[in-house]
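# Geometric and topological summary
The primary structure of each chain is shown beneath.
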Amino acid sequence: MTALECVEHGLITSANLENQSEPAIQIEHVTQAVVAIVPAAGIGSRMGADRPKQYLEVCGQSILAHTLDRLLSHPQISQVIVALHPDDDIFDSLPQAIHPKLIKVLGGGERADSVLAALQLAPQNSWALVHDAARPCLTAADIDKLLASRRQFPQGAILAMPVRDTMKRANQLGEIGTTVCRDDLWHALTPQLFPTGQLKGYLNAAMAAGAVVTDEASAMEWAGISPGLVSGRADNIKVTHPDDFGLAELFLMRALSSR
């Protein structure tokens, strides 16, 4: 179901859609509070470990702890909301769990469910900066770039990286079906930054409509909004497979040694 069809079914109002044809967020709203949201309710089964991947240790503490350190220490982030699995019995043992800027909330079965649960605690007139729990190498400079982009992209934006390699699309036999032109292709990264009220409304409506929501930007795209692309660093990797662990350790060691 498209956004326009959702208007007909009453899931979102036509007024909301019409407002998106004009800059809905004025330049002065750049001063609004920024709330970081970390969906951390996943079990990380692809890592093949005895605990969720965000709790695997690297450079002296867990991946999630490194991620939270990057967000909690940023002066423009007023609050960090972490969405956790209902059976999580590890988080409270992290030193970051008692940080005054941090709030816990129960997450859901899908990423969008966890983000929505966290958005319920964020001020309506704020910016939601959503970041993967398993991206511990985020730099303050990339956060600064994304926050500064609100002047250019008042509709919201994401960190991303232009595709550099030749891209292939496979056929059903696992062979190369075709070569995909890499021009204008980007790898979507996080954080992703959007006005809190809009993100909450469009995530709810997109999920109610049965749309495929793989990240926050896809919910905004479903609603007819084109988020901005802000070029981010290549070392902002997501630790998903065992091979990623060593690379994240290398990047973190380099960052720690440069402090």
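In case you missed it, the structure is sitting above this.
Throughout what follows, the structure given in this document is the object of discussion. Note that the structure is predicted; figures quoted are calculated from it, not measured.

## A few points about the overall build of the chain
The number of helices and strands found in the chain is eight helices and 11 strands. Sequence-distant contacts in the chain: of pairs separated by 6 or more residues, those separated by 24 or more amount to 70%. Accessible surface, the chain: about 13000 Å² in total, of which carbon and sulfur atoms supply 52%.

## Re helix α8 (residues 242–257)
In an α-helix, one full turn covers 3.6 residues, which means residues spaced three or four apart are oriented alike. With 16 residues, α8 extends 24 Å from end C-alpha to end C-alpha; this agrees with the ideal 22 Å at 1.5 Å per step. Regarding α8, the residues found buried are D244, A248, F251 and L252. The arc that holds every buried residue of α8, seen down its axis, measures 100°, which confines them to one face. Those residues of α8 that are exposed and angled more than 90 degrees off the buried face are D243, L250 and S257. Contact partners of the buried residues in α8: β2 (57–58) and α3 (63–72).

## Here's the deal with α3
With nine of its 10 residues buried, α3 lies for the most part within the structure. Considered for burial, the residues of α3 that qualify are I63, L64, A65, H66, T67, L68, R70, L71 and L72.

## Let's talk about the pairing of strand β4 (residues 77–84)
Within β4, seven of the eight residues are buried, which leaves it mostly tucked inside the rest of the structure. By the bridge criterion, seven bridges tie strand β1 (residues 34–40) to β4 in an arrangement that is parallel. By the bridge assignment, V38 is partnered in β4 with V82. Both β4 and strand β5 (residues 102–106) contribute to a ladder of five bridges, which runs parallel.

## A short note on the sheet that holds β4
Pairing in this open sheet of seven strands is mixed, and the strands run β5-β4-β1-β6-β10-β7-β11 from one edge to the other. If you trace the sheet from one side to the other, it starts and ends with β5 and β11 (228–231), each paired once. Between one strand axis and the next, the sheet turns through 30° on average, direction left out of account. Examined bridge by bridge, strand β7 (residues 157–162) and strand β10 (residues 186–195) share five bridges and lie antiparallel to one another. Bridge pairing in β10 links A160 to A188.

So, how was this worked out
- Residues numbered from 1 in each chain as written.
- Predicted model: local features only at pLDDT ≥ 70, side-chain atom pairs only at ≥ 80, totals over all residues.
- Heavy atoms only, no water.
- Helix = DSSP H or I, 4+ residues; strand = E, 2+ residues; numbered from the N terminus.
- Contact = heavy atoms within 4.5 Å.
- Areas by Shrake-Rupley, 256 points an atom, 1.4 Å probe, with all protein chains shown as cover.
- Expected span 1.5 Å × (residues − 1).
- Buried < 20%, exposed > 50% of the residue type's maximum accessible area, 1.4 Å probe, protein only.
- Arc of directions from axis to C-beta.
- Pairing = 2+ DSSP bridges.
- Axes fitted to C-alpha atoms, helices over the stretch in contact; angles between N-to-C directions.

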